[in-house]
Amino acid sequence: MVLKEYTKPLTLEEVKQPTFGPREVLLKVKAAGVCGTDLKIRDGLVPTKELPLIPGHEVAGVVAATGTEVEGFREGDEVLVSFYIPCNECRTCLSGRQTICERLQGRIGFEFDGGFAQYVAVPEICLIPKPQEISFRQAAVIPDALGTCYHALVRRAQVKNGDYLVVVGGGGGLGLHAIQIAKWLGAVVIGVDVAEEKLNLMKAYGADLVIDGAQDPSWSKTVTDYTRGLQADHVATFIAHQPSIDEGLKAVRKGGDLVLVAYREAVQFNALYGHLNEIDLLSTRAATKADIEACLKLVTEKKVEPVIGKAIHLSELNDGLQLIKDGNIKGRLVIDIE
Ligand SMILES: [Zn+2]
Ligand SMILES: [Zn+2]
């Protein structure tokens, strides 16, 4: 599926098989996750290569051919893809923060053609072996929907056993994984969302308390009561919705942090309140390969379950993007590719 013009539907086309370099493999795509970020890509709201572009950054498949210098993988290997292509040599890479690499080569599905296709070229350094017991659909969901949550909670907020964590937008495709990862970490999890179905999902995936933000717009008070006045150590926002960010800030304890997982260019932060209470505002960017490998281990050990709401065919991608836009997916949307 090819994006030729921003804001327009993608078109299904026959394209040439991608060329691949000596340190890359040609991957036969088996499953690709669809994400809110793909909507941003379609609408030109995030940087990409010059169009046309084949999006798709959540990819799992089978190695179909290898470049001459590829050593660790061979034809037939089942893999998932870490979609950032870092230099692995700069100071941020050496400190383990490859998604903010100072010489980032790009991302598969953004600056390079991605996985909404039968084949995609992937550098060997981005490949992660897929265990047999994990399905391609599950594998496709891990790099972003789980990885981003893991990176935000473990690497950025450093959520610990016994911490109080509020997950705002906890009933969505990322939030349900954040809740599971937080429970694995031993946190007490308060999920905030709207609509009964999402509240029930948050409960089902382990939230200790769920709050309907529509019924209880001043929900920071409910958090204060539930924590017996202690308030939340961390509030992670999975929707870039100003009233939720404002309310979330009020729910953070002195010295706690507000983690902006969802983002857009302009959000307001009450810096006076932040100053008075030394609240850390944490930005977070996607997931490193190590984060994705850690998530794969959690899934393999059945500590976290990838939540797949719906699977569609490649030709149905435009309808799928609309479902995401309308918030009509429980968990993640995955494309099966033959
Ligand atoms: Zn994504
Ligand atoms: Zn780097």
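Chains are numbered independently. Their residues run from 1 in the order of the written sequence. Whichever chain is written first becomes A and whichever ligand is written first becomes 1, with later ones labelled in order. Residue-level local features of this predicted model are given only where pLDDT is at least 70; pairs of side-chain atoms are given and counted only at 80 or more, and the full residue set underlies all totals for whole chains, interfaces and linings. Side-chain numbers come from the whole structure's heavy atoms, not from hydrogens or water.

**Regarding helix α3 (residues 136–156)**
Thought 1: Across its 21 residues, α3 extends 28 Å between first and last C-alpha, which sits within 8% of the 30 Å expected from 1.5 Å per residue.
Thought 2: Across the 21 residues of α3, 16 count as buried, placing the element largely inside the fold.
Thought 3: A run of H or I in DSSP becomes a helix once it reaches four residues, and a run of E becomes a strand once it reaches two; helices and strands are each numbered from the N terminus. Once α3 finishes, Q158 follows within two positions and takes phi at roughly 50°, a positive value. Here the expected span of a helix is defined as 1.5 Å times the quantity of residues minus one. Buried means the residue's accessible area, taken with a 1.4 Å probe over protein chains only, is under 20% of the maximum for its type, while exposed means over 50%, and partly exposed covers the values in between.

**Brief notes about the coordination of the zinc ion (ligand 2)**
Thought 1: Donor atoms: N, O and S within 2.8 Å of the metal, or within 3.2 Å for Na, K and Ca. Because water is excluded, sites can look incomplete. The protein atoms that coordinate the zinc ion (ligand 2) are C87 (SG), C90 (SG), C93 (SG) and C101 (SG), at distances of 2.3 to 2.4 Å.
Thought 2: Because the angles between the four donor atoms bound to the zinc ion (ligand 2) fall within 102 to 119°, the donor set is best described as tetrahedral.
Thought 3: Summarised as a motif, the one-chain spacing of the donors to the zinc ion (ligand 2) is C-x2-C-x2-C-x7-C. Angular criteria define each label, namely tetrahedral for four donors with all angles between 85 and 135 degrees, square planar for four and octahedral for six donors with opposite donors over 155 degrees apart and remaining angles between 65 and 115, and irregular for whatever fails these tests.

**Details of the packing of aromatic side chains**
Thought 1: Ring geometry is summarised as follows: Phe, Tyr and Trp rings, the Trp one being its six-membered ring, pair when their centres sit within 6.5 Å, and such pairs are stacked at plane angles under 30 degrees, edge-to-face over 60 and tilted between the two. Per the stated rule, a full pass over the model turns up three aromatic pairs.
Thought 2: Ring centres of F83 and F110 lie 6.3 Å apart, and the angle between their planes is 10°; on these two criteria the pair is classed as stacked. Remark: F110 occurs in the loop between β5 (106–107) and β6 (119–123) and F83 occurs in the loop between β3 (78–81) and β4 (84–85); sequence separation between them is 27 residues. For the pair formed by F83 and F110, the shared burial category is buried.
Thought 3: An aromatic cluster of at least three residues, connected via ring pairs, comprises F83, Y84 and F110.
Thought 4: A cation sits over an aromatic face here: K28 above Y119, 5.4 Å from the ring centre. Only Lys NZ and Arg CZ are tested; either one counts as a charge over a ring when it is within 6 Å of the ring centre and within 35 degrees of the ring normal.

**Focus on the coordination of the zinc ion (ligand 1)**
Ideal values differ by geometry: the angle at a metal is 109.5 degrees with four tetrahedral donors, but 90 or 180 degrees with six octahedral donors.
Thought 1: For the zinc ion (ligand 1), the full set of protein donor atoms is C35 (SG), H57 (NE2), E58 (OE) and D144 (OD), and the range of their distances to it is 1.8 to 2.3 Å.
Thought 2: One way to put it: the four donor atoms around the zinc ion (ligand 1) meet at angles of 102 to 116°, and that makes the site tetrahedral.
Thought 3: In primary sequence terms, the donor set of the zinc ion (ligand 1) follows C-x21-H-E-x85-D. One end of the pair, C35, is in the loop between β1 (24–34) and α1 (36–42); the other, E58, is in strand β2 (residues 58–66), with 23 residues separating them in the sequence. Of the two residues, C35 and E58, neither departs from the other in class, the shared state being buried.

**Comments concerning the pairing of strand β12 (residues 252–260)**
Thought 1: Strand pairing is assigned whenever DSSP identifies at least 2 bridges connecting the two strands. Summarising the sheet, strand β11 (residues 232–237) and β12 pair through five bridges and their orientation is parallel. Note that in β12 the partner of V235 across the bridge is L258.
Thought 2: Between β11 and its parallel partner β12, the chain crosses via helix α7 (residues 242–251), and the hand of that crossover is right-handed.
Thought 3: As paired elements, β12 and strand β13 (residues 280–283) share four bridges and run parallel to each other. The residue bridging V259 from the neighbouring strand is L282, located in β13. Here, the term right-handed applies to a crossover whose path from the first strand over the helix to the second runs clockwise when the strands point away from the viewer.

**Considering the side chain of D193**
Thought 1: By secondary structure assignment, the location of D193 is in strand β9 (residues 188–193).
Thought 2: Asp and Glu are treated as the negative residues and Lys and Arg as the positive ones, with His and the ends of the chain left uncounted. Counted as salt bridges are all cases of a side-chain nitrogen of Lys or Arg within 4 Å of a carboxyl oxygen of Asp or Glu. One buried charge, D193, has no salt-bridge partner; the nearest side chain with opposite charge is K198, at 4.7 Å.
Thought 3: For the purposes of these results, a polar contact is taken to be a pair of N or O atoms within 3.5 Å, where, inside protein, one atom must be able to donate a hydrogen and its partner to accept one; residues adjacent in sequence count only when each atom of the pair is a side-chain atom. Separated by 2.8 Å, the side chain of D193 and the backbone nitrogen of G171 make a polar contact.

**A closer look at the domain arrangement of the protein**
Thought 1: Per the annotation, domain bounds derive from an automatic or database assignment of domains. Along its sequence, the protein is organised into domain 1 (24–130 + 307–336) and domain 2 (148–283).
Thought 2: Using C-alpha coordinates to define each centre, domain 1 is positioned 28 Å away from domain 2.
Thought 3: Taken together, the contacts link 11 residues of domain 1 with 13 residues of domain 2.
Thought 4: Here domain 1 meets domain 2 over a buried area of about 920 Å², counting both sides, of which 52% is carbon and sulfur.
Thought 5: Sorting the residues of domain 1 by area buried against domain 2 places V307, K330 and R332 first, and these three jointly supply 48% of that buried surface.
Thought 6: Linking domain 1 with domain 2 are one salt bridge, by the criterion used here. Contacts: residue pairs with any heavy atoms within 4.5 Å of one another. Here the buried area means the combined drop in accessible surface, using a 1.4 Å probe, for two parts upon being joined, counting both sides.

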